[in-house]
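This is what each chain is made of:
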Amino acid sequence: MNEAWYRLLSILVFTAGFWEGPAAILYRVVGDDHGTAMRPVNYLDSPWNYIVSVAVMVVAFALLAVLDKGRERALARERDAGAARAHEGTHAG
């Protein structure tokens, strides 16, 4: 998977985590929101909506960590492959 896919997935995970996490809590506390298509976690009764919101934030954070680790590994593989090609080119005689 190239870096563009990692970036896209990271943006999608962050957006979902934000809207179902802190944004849902903020809308519930400030606006007494009881659910929309953007924040379905608010359809849950209190205190379950807060618990699920925190769980969504934790899962999003974990997924972002996994995506970042995968991106670092992919970049390291590309760097190693480039170094191997460069090394092989200097000894091709």
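Structure's up top.
Keep in mind that what you see is a predicted model, and the values were worked out from it rather than measured.

Novice: Would you mind showing me how to read the overall build of the chain here?
Specialist: In terms of helices and strands, the chain carries three helices and zero strands. In sequence order, the chain lays out its α and β elements as α-α-α. Taking 93 residues into account, the globule formula puts the C-alpha radius of gyration at 12 Å, and the chain, at 21 Å, lies well above it. Overall, the C-alpha framework of the chain stretches about 75 × 20 × 15 Å when taken along its three principal axes. Out of the 93 residues in the chain, the part that is buried amounts to 20%. In the chain, once contacts between residues fewer than 6 apart in sequence are set aside, the share between residues at least 24 apart is 45%.

Novice: Teacher, can you tell me more about unusual backbone geometry here?
Specialist: Negative phi characterises most residues that are not glycine, and trans characterises most peptide bonds. Across the junction of Ser 46 and Pro 47, the peptide omega takes the value 10°, indicating a cis bond. Looking at where Pro 47 falls in the secondary structure, it is placed in the loop between helix H2 (22-31) and helix H3 (48-91). Backbone geometry at Asp 32 places phi at a positive 55°, although glycine is not the residue there. Inspection of the secondary structure assignment puts Asp 32 in the loop between H2 and H3.

Novice: Got a minute to help me understand the packing of aromatic side chains in this structure?
Specialist: Aromatic ring pairs: the centre-centre distance and the angle between the two ring planes describe each pair. Evaluated as defined, the whole model comprises three aromatic pairs. Pairing Phe 18 with Trp 19 gives two aromatic rings, centres 5.7 Å apart and planes at 80°, and the pair type is edge-to-face. Looking at Phe 18, the relative accessible area reads 37%, which means it is partly exposed. On the basis of relative accessibility, which here comes to 26%, the residue Trp 19 falls in the partly exposed class. Taken together, the aromatic side chains of Phe 14, Phe 18, Trp 19 and Tyr 27 make up a single cluster linked through ring pairs. When the ring centre of Tyr 27 is taken as reference, the NZ or CZ atom of Arg 39 above it lies at 3.7 Å.

Novice: Explanation requested: a nonpolar patch on the surface in the structure shown.
Specialist: A surface patch of nonpolar side chains, about 380 Å² in accessible area, is lined by Trp 5, Leu 8, Leu 9 and Leu 12. Within the fold, Leu 12 resides in helix H1 (residues 3-20).

Novice: Where do I start with the nonpolar core in this structure?
Specialist: Burial of nonpolar side chains together is a common tendency in soluble globular proteins. If you look at the biggest cluster of nonpolar residues, it comprises five residues: Tyr 6, Val 13, Ala 60, Leu 67 and Ala 74. Those elements that provide at least two residues to this core are H1 and H3. With three residues, H3 is the single largest residue contributor to this core.

Novice: How should the side chain of Asp 33 be read in this particular structure?
Specialist: Counting through the fold element by element, Asp 33 comes out in the loop between H2 and H3. On the basis of relative accessibility, which here comes to 12%, the residue Asp 33 falls in the buried class. Within the structure, the side chain of Asp 33 is placed 3.0 Å from the side chain of Asn 42, a separation counted as a polar contact. Once residues within four sequence positions are removed from consideration, Asp 33 is found in contact with Tyr 27, Arg 28, Arg 39 and Asn 42.

Calculation criteria
Residues numbered from 1 in each chain as written. Predicted model: local features only at pLDDT ≥ 70, side-chain atom pairs only at ≥ 80, totals over all residues. Heavy atoms only, no water. Helix = DSSP H or I, 4+ residues; strand = E, 2+ residues; numbered from the N terminus. Rg over C-alpha atoms; globule rule 2.2 N^0.38 Å. Buried < 20%, exposed > 50% of the residue type's maximum accessible area, 1.4 Å probe, protein only. Contact = heavy atoms within 4.5 Å. Phe/Tyr/Trp six-rings, centres within 6.5 Å; stacked < 30°, edge-to-face > 60°. Lys NZ or Arg CZ within 6 Å of the ring centre and 35° of its normal. Patch = residues over 30% accessible without salt bridge, like charges linked within 9 Å, V, L, I, M, F, W, Y side chains within 5 Å. Areas by Shrake-Rupley, 256 points an atom, 1.4 Å probe, with all protein chains shown as cover. Salt bridge = Lys/Arg side-chain N within 4 Å of Asp/Glu carboxyl O. Core = buried A, V, L, I, M, F, W, Y, C linked by side-chain atoms within 4.5 Å. Polar contact = N/O pair within 3.5 Å; in protein donor to acceptor, adjacent residues only side chain to side chain.

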